[in-house]
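Spelled out, the chains give:
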Amino acid sequence: MVFSYGWLQSFFQKKLPKPEKLAEVLTMSFAEIEKVKKEREDFVLDIDVKPSRASDCLSHLGIVREIAAITKLQYKEPLSKFKAVKELKSKNFVSVDIRCQQACPRYTIKIIVDVKVCPSPKWLKHRLKVCGLKPINNIVDIANYAMLETGQPLHAFDFDKIKGRKIIVRKAKKGEEITTFDEKSYCLDQDILIIADAKKPIAIAGIKGGKETGIDKNTKTVVLESANFNQGIIRKGSRKLNLKTDAATRFEQGIDPNLTEFAINRACYLIQKISKGKIAHGLADIYPKKALPKRIRLDLDYVERLLGIKIPEREIKSILEKLRFKLKTQNLKLLDVEIPTFRLDISLQEDLIEEIARIYGYEKIKPVFPIVSLIPFKRNLEIFWEGRAKDILEQARFSEVYNYSFISKGDAKNFGGKINKLIEIENPSSIEHRYLRPSLIPNLLKNIQKNQKLYFETFKTHRVLKSETFKTLRILKSKEIKIFELGKIFQAPKLEKRTLSGVMTGDAFYQVKGVIDLLLSKLGISNIQYCEHRTVERGLKSCWWQPPKCAEIKINGEQIGFLGEVSFRVLSDLKIELKTIVFDIDFEKLVRFCSEEKTYQPISRYPSAIRDIAVLVPKRIKVNEVLNKINAVKGQRGLIKDVDLFDVYEGRNIPNNKKNFAFHIIYQAENKTLSSKEIDDAHQKIVKALEERKGWEVRK
Amino acid sequence: MTGVCAQSFIMNKENKENKENKENKEFDITVPGNKIALGHLHPLTQTKKRVEEIFQTMGFSIVEGPDMETEWYNFDALNIPKNHPARDLWDTFYLKNGLLLRTHTSPVQIRYLEKNNLPLRIIVPGNVFRREATNASHEFQLFQIEGLMVDKKISVANLKAIVGEFFRRFFEKDVKFRLKPDYFPFTEPSFDIGISCLVCRERGCPACKGSGWMEVAGAGMVHPNVFKNSGLIPKDWQGWAFGFGLERLTMLKYKINDIRLFRSGDLKFLQQF
């Protein structure tokens, strides 16, 4: 809210600090001043009053009390004494009927007769304008002025336009309508509190006044209303009508009901002074349950314990008194504090301690390290393995991305996910972010789409330099896009799960498979299997993949994820022009298998020997079958250290329906140097074993 | 290929005797070094790791909580009742499954206090969501780190010591900081923590809007109702909590000028870290 520096100054006899200085002082002890702006001879302070202080500080008087407490300057309460005309009684003009007590704790009315409605004096107009309000006429302006000064919204009705001399505070009936003074019509219903006369609504209570009963230049008699409305009801009404006003803002944060009287008197004082009206005697005041001040017992030891600093008792008392708290010393260490009713935010000792500390100055509290028992931190394994996995992928030259946790409906469809498995946002900020992501992959592919031009740019520049083909290749390779993300995915109804996914461009199935091997083995996991991904069972999901380049990743037979090439359909939908391989791992499952254990394998002191073997097999045979056959032999003899596939060939010089696998077989024993006869024998056993299979042929 | 490589690696006799001198003379050391492709960890991962290390050395455990929360943990338990204007401080994404996306990591305070023995020291890293318009300094998804320390006699002075230590270590500079009054329903008193501007050293510059200070975190003493809502007796315990956006700290550390870069997936950005 904006405040006038000149207005604030008018409460003090002594000069206030300069506007900038005052802003700083208030920022450090009360609330942030967002801006100080010069406005003709005045300055405007834009103060970010927090909801906790809205009840008393959306008013100049509230800020004045703060300034007085912080700067220790004396201020004067604004004048509110006027002369009433004894013969006229406010009560005799209209009858007030409160139909819902709970919605309207207090309703106060004052009658002013023989008013002269005309433009306000210059000084008043100026103050309203500085605070962002438009001057209308002296009566309305004074009501607004009193609100800006005291925080209590007021409303003025033209007495002669109120039908049946009746004011009723009630809920609106469905279908009732009102046109407010700014010519806008609102349809009302039973959630909206209104002020009505004998016939119809004349104001939306606490929010805005109606046009028909408004003050105009012919108004002679004014009904001035100063009421207190329930904050929840005003909040609800203001939302429902989508109508935010200065009055509604104040009521919905809660206001002290004791304020109505002071505010109405202050307004009457000004009306008498400015528009020469005659003020009727007494108030029509319906206030069945008076708000009484709370009392809090403050333990001075606790003040010291919570703040970590000893503030002299004298100082504590002086601060509280400056803030208008009333004190009674109970004994040496206890203070009984009476809370003025305008401080709706204070209800606990801690609230008082905040008051003391902020005025005393937070900067005076010196840092002190806590003295506590030496409890070591608990290791969080989930976070530890997350860090490890990220480091390994970084070493494997992947770059990490963070994507939003949202996807659009289009993305969801693209990836064949079932919409009913998705969690939808009730109030999305854009259609791009309508669902929580059910997988990390859609956003990762979008990253590829966005970054692929980087790849093509390099490709183009280097193709020009034909002589440097080798270099081009090398650079291209380094420009492969390899990215990963470790984050949460979401599934209806209420599941969230940590997942690790990565994407690599190029014809890179085996490279990605190698990365998975590396990742898992570095996380201490052995016994990894890759199984054919049964796309048929997966139903819709199958259209993601380009069969047969997809596999399930299993540890000890339990599926933890999959890898595969993304289908051309998905890629072309996303306008990705590069082949793309994806992996996706359930990180929570994975963590259960991770282990830091490692055992050193003694290095044999005896030399190793390498023999190659090439085997021609029917095309449908998988390398695994051949390896299994070789390994079965190894089991018998214990001489084979390793078997290493180094070539797969089909095509020229080989029968149509066959392919050729070539392996290095490394022979080594733990306890002796192998003779060439021993090696030859072992090798022959392998050859024999392989040739046992029909259609397999070892090439010699 | 193997053959070609082998030849260039292995020194043969000819290399050794005849070419050595000549080659050395012609060798051009000004040819740029080969570009080595590297992987990159996200800048937020790097700063998160640093933050976690600093707090772990001070005995804080790392704890996490769900991104999808109930209204109870995200608001009510944190002393933010329904229909209270204070709820307007957080623009919230609501989900059709009856949950909401947490607007802060503070719900984990309650979750942890409910289930664990006191005293305790924890930090809570995680995603938070605010339904806000985005610009260079606002995002609707952020990474927040929450801190909570509860013991018998934990004070504002203690908060200042730990926070100061953290900033000095994180920025590796003698960063000044200050507390200003602020309002959070779940702490009392509540503070806004500002650090001396890293760009201008308090002289005032565009980065700090001329004030010489930058707001980086919110903090305060745990509100008695938070203890109560966690099933504890408020008068037995004292504690403080703080929360800051990791993006903001990372931006200050690396002088990043647009918060949207973090989730842009742009490799030209990511590969600088």
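What you see is a predicted model, and the numbers here were worked out from it, not measured in a lab.

Participant: Report on the overall build of chain B, specifying residues and quantitative values.
Facilitator: Regarding its fold elements, chain B presents nine helices and nine strands. Over its C-alpha atoms chain B spans a radius of gyration of 26 Å, topping by over 25% the 19 Å that the globule rule assigns to 273 residues. Viewed in the frame of its principal axes, chain B has a C-alpha envelope of about 90 × 50 × 40 Å. Intrachain contacts of chain B at a sequence separation of at least 6 include 66% that bridge at least 24 residues.

Participant: Any details on the overall build of chain A? Residues and values, ideally.
Facilitator: Check the secondary structure of chain A and you find 21 helices and 32 strands. A principal-axis box enclosing the C-alpha atoms of chain A has dimensions of 130 × 65 × 55 Å. Put simply, chain A has 700 residues, and 38% of those count as buried. Intrachain contacts of chain A at a sequence separation of at least 6 include 69% that bridge at least 24 residues.

Participant: Describe the sheet that holds strand S29 (residues 609-618) of chain A, and please don't skip the residues or the numbers.
Facilitator: All names here are of chain A. What the four strands build is an open sheet, ordered S30-S31-S29-S32; its pairing is antiparallel. Whereas interior strands pair on both sides, the edge strands pair on one side only; in this sheet they are strand S30 (640-649) and strand S32 (697-699). Each strand axis lies, on average, 30° off the axis of its neighbour in the sheet, ignoring direction. Helix-sheet contacts for helix H21 (residues 676-691) involve S29, strand S31 (658-667) and S32, and the interaxial angle to S29 is about 10°.

Participant: Explain the domain arrangement of chain A to me, using residue names and the numbers behind them.
Facilitator: Per the domain assignment, the segments of chain A are domain 1 (2-71), domain 2 (84-286), domain 3 (297-364), domain 4 (385-593) and domain 5 (609-699). Of note, the centres of domain 2 of chain A and domain 4 of chain A, computed from C-alpha atoms alone, are 64 Å apart.

Participant: A description of unusual backbone geometry should follow, citing residues and the corresponding values.
Facilitator: Trans peptide bonds make up the majority, and among non-glycine residues the majority have a negative phi. For the bond running from Leu-118 of chain B to Pro-119 of chain B, omega is -5°, close enough to zero to count as cis. Mapped onto the elements of the fold, Pro-119 of chain B is located in the loop between helix H5 (107-115) and strand S4 (120-129). Put simply, Glu-188 of chain B and Pro-189 of chain B share a cis peptide bond, and its omega is -5°. With respect to the helices and strands, Pro-189 of chain B occurs in strand S7 (residues 187-196). The residue Asn-242 of chain A is not glycine, and still its phi comes out positive at about 50°. When you line up the elements, Asn-242 of chain A lands in the loop between helix H7 (231-240) and helix H8 (246-253). Residue Lys-276 of chain A is not a glycine yet carries a positive backbone phi of 60°.

Participant: I'd love a proper account of helix H12 (residues 349-360) of chain A, names of residues and values included.
Facilitator: Structural remark: α-helix, 3.6 residues per turn; residues separated by three or four positions point the same way. All names here are of chain A. Taking 1.5 Å of rise per residue, the 12 residues of H12 would be expected to cover 16 Å, and the 16 Å separating its terminal C-alpha atoms lies within 8% of that figure. Counting buried positions along H12 yields nine of 12 residues, so the element is predominantly enclosed. Among the residues making up H12, those that are buried are Glu-350, Leu-352, Ile-353, Glu-354, Glu-355, Ile-356, Ala-357, Arg-358 and Ile-359. Phi for Gly-361, located one or two positions after H12, is positive at around 115°.

Participant: An account of the sheet that holds strand S6 (residues 177-181) of chain B is needed here, citing residue identities and associated values.
Facilitator: Residues and elements named next belong to chain B. A sheet is described by the order of its strands in space; here seven strands give the open sequence S1-S4-S5-S9-S8-S7-S6, paired in mixed fashion. Each edge of the open sheet carries a strand with a single partner, namely strand S1 (61-62) and S6. Here strand S5 (residues 141-151) pairs with strand S9 (residues 238-245) via eight bridges, running antiparallel. Looking at S9, one finds that Gly-147 is bridged to Phe-242.

Participant: Which residues make up the packing of helix H5 (residues 122-130) of chain A against helix H6 (residues 138-150) of chain A, and what are the values?
Facilitator: Residues and elements named next belong to chain A. Two numbers describe how H5 lies on H6: the axes approach to 10 Å, and their chain directions differ by 55°. With respect to each other, H5 and H6 are oriented oblique. Relative to H6, the crossing made by H5 is left-handed. For the pair formed by H5 and H6, the contact residues are Leu-124, Arg-127 and Leu-128 on the first element and Asp-141, Asn-144 and Tyr-145 on the second.

Participant: Which residues make up the nonpolar core, and what values do they have?
Facilitator: One finds Ile-356 and Leu-563 of chain A together with Trp-240 of chain B to be the most contacted residues of the largest nonpolar core, which totals 164 residues. Among all residues touching Trp-240 of chain B, those that are not within four sequence positions of it are Met-149, Ile-154, Asn-158, Leu-159, Ala-219, Gly-220, Met-221 and Val-222 of chain B. Residues Ile-215, Leu-259, Ala-267 and Ile-279 of chain A belong to the second largest nonpolar core, which totals 65 residues.

Participant: Outline the interface of chain B and chain A, listing residues and values.
Facilitator: Residue-level contacts link 62 residues of chain B with 71 residues of chain A. The set of elements that each furnish at least two residues to the side of chain B that touches chain A consists of helix H3 (43-57), S1, S5, helix H6 (156-171), S6, S7 and helix H9 (267-270) of chain B. Looking at the side of chain B that touches chain A element by element, the count peaks at six residues for H6 of chain B. Of the residues contributing to the side of chain B that touches chain A, the split by class is 31 nonpolar, 18 polar and 13 charged.

Participant: Describe in detail the packing of H3 of chain B against helix H8 (residues 246-254) of chain B, supporting the description with residues and values.
Facilitator: Residue and element names in this part refer to chain B. Between H3 and H8, the shortest axis-to-axis distance is 10 Å and the interhelical angle comes to 100°. Between H3 and H8, the angle falls in the class roughly perpendicular. Between H3, through Pro-43, Leu-44, Thr-47 and Lys-48, and H8, the contact on the second element is made entirely by Leu-246, Glu-247, Leu-249, Thr-250, Lys-253 and Tyr-254. In terms of residue class, the contact of H3 with H8 is made up of five nonpolar, two polar and three charged.

Participant: Could you give an account of the environment of Val-44 of chain A, naming the residues involved and the relevant values?
Facilitator: All names here are of chain A. Topologically, Val-44 is positioned in strand S3 (residues 42-47). Separated by 42 residues in sequence, Val-44 and Val-2 place their C-alpha atoms 6.3 Å apart. Here Val-44 is in contact with Val-2, Ser-4, Lys-37, Glu-39 and Val-130, once residues within four sequence places are set aside.

Participant: Go over the pairing of S3 of chain A with me, naming the residues and quoting the values.
Facilitator: The two faces of a sheet get side chains in turn, since along a regular strand they alternate between them. All names here are of chain A. Of the two faces of S3, the one holding Phe-43, Leu-45 and Ile-47 is buried and the one holding Asp-42, Val-44 and Asp-46 is not buried anywhere. Of the pairings in the sheet, the one linking strand S1 (residues 2-4) to S3 comprises three bridges and is antiparallel in character. Each bridged residue has a counterpart across the sheet, and for Phe-3 the counterpart in S3 is Leu-45. The pairing of strand S2 (residues 33-39) with S3 spans six bridges and is antiparallel. Within S3, the residue paired with Lys-35 across the bridge is Asp-46. Counted along the chain from S2 to the antiparallel partner S3, the turn is two residues long, and its residue Arg-40 has a positive phi close to 50°.

Participant: So what's going on with the confidence of the model for chain B? Which residues, and what values?
Facilitator: Residue and element names in this part refer to chain B. Chain-level pLDDT for chain B is 90 on average; 91% of the residues reach the 70-or-more range. Averaged over each element, pLDDT in chain B is lowest for helix H1 (residues 2-9) (47) and highest for strand S2 (residues 68-69) (98). The low-confidence segment residues 1-6, where pLDDT is below 50, has zero contacts with residues more than four positions distant or belonging to other chains. Model confidence for the complex is summarised by a pTM of 0.90, with the ipTM given as 0.92.

Participant: Please give an account of the environment of Val-25 of chain A that cites residues and values.
Facilitator: All names here are of chain A. Its location among the elements puts Val-25 in helix H2 (residues 19-29). It is 8.5 Å that separates the C-alpha atoms of Val-25 and Ile-67, two residues lying 42 residues apart in sequence. When residues no more than four places from it in sequence are discounted, the contact partners of Val-25 are Pro-17, Ile-70 and Thr-71.

Participant: An account of the environment of Asn-83 of chain B is requested, with residue identities and associated values reported.
Facilitator: Among the structural elements, Asn-83 of chain B can be located in the loop between helix H4 (71-74) and strand S3 (100-101). Asn-83 of chain B has contacts with Gly-232 and Arg-235 of chain A, leaving out every residue within four places of it along the chain.

Participant: So what's going on with H5 of chain A? Residues and values would help.
Facilitator: Residue and element names in this part refer to chain A. All of the buried residues along H5 are Arg-127, Leu-128 and Val-130. The buried side chains of H5 occupy one side of the element, clustering within an arc of 165° when seen end-on. Buried residues in H5 make contact with S1, helix H1 (5-9), S2, S3 and H6. Where H5 ends, the next residue or the one after it, Gly-132, has phi of about 85°, a positive value.

Participant: Outline the confidence of the model for chain A, supporting the account with residue identities and numerical values.
Facilitator: All names here are of chain A. Across chain A, the average pLDDT comes to 90, with 94% of residues at or above 70. Here residues 462-468 is modelled with pLDDT under 50, and outside its nearest four sequence neighbours on either side it reaches five contacts, counting other chains as well. Taken as a whole, residues 470-475 scores under 50 in pLDDT and shows six contacts with residues more than four places along the chain or in a different chain.

Conventions adopted
- Residues numbered from 1 in each chain as written.
- Chains lettered and ligands numbered in written order.
- Predicted model: local features only at pLDDT ≥ 70, side-chain atom pairs only at ≥ 80, totals over all residues.
- Helix = DSSP H or I, 4+ residues; strand = E, 2+ residues; numbered from the N terminus.
- Rg over C-alpha atoms; globule rule 2.2 N^0.38 Å.
- Contact = placed C-beta atoms within 7 Å.
- Buried ≥ 20, exposed ≤ 12 C-beta atoms within 10 Å, placed from the backbone.
- Pairing = 2+ DSSP bridges.
- Axes fitted to C-alpha atoms, helices over the stretch in contact; angles between N-to-C directions.
- Domains from an automatic or database assignment.
- Expected span 1.5 Å × (residues − 1).
- Parallel < 35°, antiparallel > 145°, perpendicular 65-115°, else oblique.
- Left-handed = near helix turned anticlockwise from the far one by under 90°.
- Core = buried A, V, L, I, M, F, W, Y, C linked by C-beta atoms within 7 Å.
- Nonpolar A, V, L, I, M, F, W, Y, C, P; charged D, E, K, R; others polar.
- pLDDT = per-residue confidence, 0-100.
- Arc of directions from axis to C-beta.

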